[in-house]
Amino acid sequence: MKLIFSPLHFFKSRLSLVLILSAACYSCGGEQEENTKWYKGNLHTHSYWSDGDEFPEVIMSWYKEKGYHFVALSDHNIFAEGEKWITLREDSIYQAGFQNYLQEYGEDWVEYTEDEEGLTKVKLKTFEEYTPLFEEDERFLMMPAEEISDGYDGKPLHLNITNLEKLITPQGGESIVEVLQNNINAVLDQRKATGKPMMVHINHPNFRWAISLEDMVRLKGERFFEVYNGHPQVNNLGDSSRLGYEEMWDFINIAYLEKGQPLLLGLATDDAHNYHRKGATFSNAGRGWVMVKTDSLQPGALIDALEAGDFYASTGVQLDQVGFENNKLQISATPKAGVSYTLEFIGCKEGEKETRILSTVQGNTAEFEVEEDILFVRCKVTSSEAQENPVENMQNQHAWTQPVRPD
């Protein structure tokens, strides 16, 4: 799969190196394919370090027990370092949660006290302290992360950094695009300065209707956004007058190709904040994730694979195969008794200004030939199986593969 770069853009852009290294493509079989496997991960979730309502250790234990391989705990404008105390809410749910935490980890681990009003204060463990409890070679990886929470004119503008080296404070700016771009540049600058693999992605554009299609199109150096976010207030589906994330994704990529920019890739995240109450009005864990195909559970390998498009986003559907070779996109969903699948190949042809469904297959396996007149195509897999604990009107399980282009 190739992307065509404008020479003027190439030489003038401060991000040209990033554009070269991050052209999206799927692995094309052979020995590399044989040495890879799927890793499940969540790149957006929260803890007591910001506005989540659970201790990091409890959260990491949950993800590991549920079969995740990597997690980026991305609290707002803070990294889990230094000293931070929280005051427990008096609600019995949180008091009981603390007692469970205390029982699980013990008095030697948990540092807490009571203030003059009888409220319990607990010292949070740092990333450096709790990481050794969970990390395990080829089994579980914790990636240092932050949600940069900036804003403009009352609109929340949030981006996640995964595998950060040091905290980045919100950069500000004089417009929505400038705020976003300044923060993207800060991440890319840190990546370049440190040589450490890291990535930045745009979070939930429709949260409070903050980021429009026009804003997204004007960005440079942004490779990822959330095509699905499990928070109940982020408007994944848009409304009668505003685009949902899938439609936005396609229009952005049409515009990016016209400008010679790499394709934007779609993530699914749960954006969990609530771990004690469950339901459609709470932002719970386990709603969205990515499945990344690479050769090792290491930050560099994961980020390289993500930037290459070797992953899919899911709210429950599991794929056995996502392959693109000889201009044929091959998709296979894991068969399940009593479950049916619909595979929609969605793309845009040259000369057209919007995407459409190019082929629909009822079944768990399909192949689609990406002809030369197709700008890009992606596959959306819909399962007849209901998603556990859904938000909005997204009742069924889905998976989204990344857009590909003909060679």
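Residues numbered from 1 in each chain as written. Predicted model: local features only at pLDDT ≥ 70, side-chain atom pairs only at ≥ 80, totals over all residues. Heavy atoms only, no water.

### Concerning the overall build of the chain
Phase 1 of the analysis: Scanning the chain from terminus to terminus reveals 10 helices and 20 strands.
Phase 2 of the analysis: Scaling as 2.2 N^0.38, a compact globule of 407 residues should have a C-alpha radius of gyration of about 22 Å, and the chain matches this with 21 Å.
Phase 3 of the analysis: Expressed along its principal axes, the backbone C-alpha trace of the chain runs to roughly 70 × 55 × 45 Å.
Phase 4 of the analysis: Counting the 407 residues in the chain, one finds 57% classified as buried.
Phase 5 of the analysis: Long-range pairs, those at least 24 residues apart, make up 68% of the contacts in the chain between residues at least 6 apart in sequence.
Phase 6 of the analysis: Carbon and sulfur atoms provide 46% of the accessible area of the chain, an area that totals close to 17400 Å².
Phase 7 of the analysis: Positive and negative charge centroids in the chain, built from 36 and 65 side chains respectively, lie 4 Å apart. (Helix = DSSP H or I, 4+ residues; strand = E, 2+ residues; numbered from the N terminus. Rg over C-alpha atoms; globule rule 2.2 N^0.38 Å. Buried < 20%, exposed > 50% of the residue type's maximum accessible area, 1.4 Å probe, protein only. Contact = heavy atoms within 4.5 Å. Areas by Shrake-Rupley, 256 points an atom, 1.4 Å probe, with all protein chains shown as cover. Lys, Arg positive; Asp, Glu negative; His and termini not counted. Charge placed at Lys NZ, Arg CZ, Asp CG, Glu CD.)

### Comments concerning the packing of aromatic side chains
Phase 1 of the analysis: All chains considered together, the criterion is met by 19 aromatic pairs.
Phase 2 of the analysis: Ring geometry for F79 versus F127: centroids 5.3 Å apart, planes at 45 degrees, classification tilted. Placement of F79 in the loop between β2 (70-73) and β3 (85-87) and of F127 in helix α6 (residues 127-130) is noted, with a sequence separation of 48 residues between them. Here F79 and F127 have matching classes, each one buried.
Phase 3 of the analysis: Seen from their ring centres, Y101 and Y105 are 5.4 Å apart, and the 50 degrees between their planes marks the pair as tilted. Here Y101 pairs with Y105, and both are found in helix α5 (residues 92-105), just 4 residues apart, close to one helical turn.
Phase 4 of the analysis: Linked through ring pairs, Y48, F55, F98, Y101, Y105, W109 and Y112 together constitute an aromatic cluster. (Phe/Tyr/Trp six-rings, centres within 6.5 Å; stacked < 30°, edge-to-face > 60°.)

### Topic: the sheet that holds strand β5 (residues 120-123)
Phase 1 of the analysis: Pairing is antiparallel across the open sheet formed by 3 strands, whose spatial order is β3-β5-β4. Strands with a single pairing partner mark the edges of an open sheet, and in this sheet they are β3 and β4 (112-114). Mean inter-strand twist for the sheet, computed between neighbouring axes without regard to direction, equals 25 degrees.
Phase 2 of the analysis: Relative to β5, β4 runs antiparallel, the two sharing 3 bridges. What sits directly across from E114, in β5, is T120. (Pairing = 2+ DSSP bridges. Axes fitted to C-alpha atoms, helices over the stretch in contact; angles between N-to-C directions.)

### Let's talk about the side chain of S314
Phase 1 of the analysis: In this fold, S314 is placed in strand β13 (residues 311-314).
Phase 2 of the analysis: Note on S314: relative accessible area 0%, which makes it buried.
Phase 3 of the analysis: With sequence-adjacent residues up to four places away left out, S314 is seen in contact with A268, R287, G288, W289, H398, A399 and W400.

### Some points on the layout of surface pockets
Phase 1 of the analysis: Approximately 720 Å³ is the volume attributed to the largest pocket.
Phase 2 of the analysis: What lines the largest pocket is a set of 35 residues, and nearest its centre among them are W62, K66, A285, G286 and E388.
Phase 3 of the analysis: Those elements that provide at least two residues to the lining of the largest pocket are α4 (56-65), α5 and β19 (374-386).
Phase 4 of the analysis: With 6 residues, α4 is the largest single contributor of residues to the lining of the largest pocket.
Phase 5 of the analysis: When the residues that make up the lining of the largest pocket are grouped by side-chain class, the tally is 11 nonpolar, 13 polar and 11 charged. (1 Å grid on protein atoms, 1.4 Å probe; cavity = no way out; pocket = protein on both sides within 12 Å on 5 of 7 lines; lining within 4 Å. Points joined across faces, edges and corners; volume = space filled by probe spheres on them. Nonpolar A, V, L, I, M, F, W, Y, C, P; charged D, E, K, R; others polar.)

### Some thoughts on the sheet that holds strand β18 (residues 365-369)
Phase 1 of the analysis: Taken in spatial order, the 3 strands make up an open sheet running β14-β15-β18, and their pairing is antiparallel. The open sheet has two edge strands with one neighbour each: β14 (319-325) and β18. Going from strand to strand, the sheet's axes swing by 10 degrees on average, the running direction of each strand aside.
Phase 2 of the analysis: The pairing of β14 with strand β15 (residues 328-333) spans 6 bridges and is classified as antiparallel. Within the sheet, the bridge partner assigned to V322 lies in β15 and is I331.

### Observations concerning the nonpolar core
One recurring pattern in soluble globular proteins: nonpolar side chains tend to sit buried together.
Phase 1 of the analysis: Core analysis: the biggest nonpolar cluster contains 52 residues, and F55, M60, Y63, L319, I331, F345 and V381 have the highest contact counts within it.
Phase 2 of the analysis: Those residues in contact with M60 that lie beyond four places of it in its chain are V71, L73, Y130, F134, F140 and M142.
Phase 3 of the analysis: Counting 40 residues, the second-largest nonpolar core is a separate cluster that includes I211, L213, I252 and W400. (Core = buried A, V, L, I, M, F, W, Y, C linked by side-chain atoms within 4.5 Å.)

### A short note on helix α9 (residues 245-258)
Phase 1 of the analysis: In this model, α9 (14 residues) spans 20 Å end to end at C-alpha, consistent with the 20 Å of a helix rising 1.5 Å per residue.
Phase 2 of the analysis: Burial analysis of α9 places 11 of its 14 residues in the buried class, the great majority of the element.
Phase 3 of the analysis: Within α9, the full set of buried residues consists of Y245, E246, M248, W249, D250, I252, N253, I254, A255, Y256 and L257.
Phase 4 of the analysis: On the buried face of α9, the contacting elements are α8 (213-217), β10 (224-229), β11 (265-269), β16 (341-349), β19 and β20 (396-401).
Phase 5 of the analysis: Phi turns positive, to about 75 degrees, at G260, one or two residues after α9. (Expected span 1.5 Å × (residues − 1).)

### Regarding the environment of Y63
Phase 1 of the analysis: Summarising the element assignment, Y63 is placed in helix α4.
Phase 2 of the analysis: Residue class for Y63 comes out buried when judged on its relative accessible area of 0%.
Phase 3 of the analysis: Apart from the residues within four sequence positions on either side, Y63 is in contact with N42, T45, Y68, V71, F140, D270, A272 and A285.

Bear in mind that shape data such as this cannot, by itself, settle questions of function.
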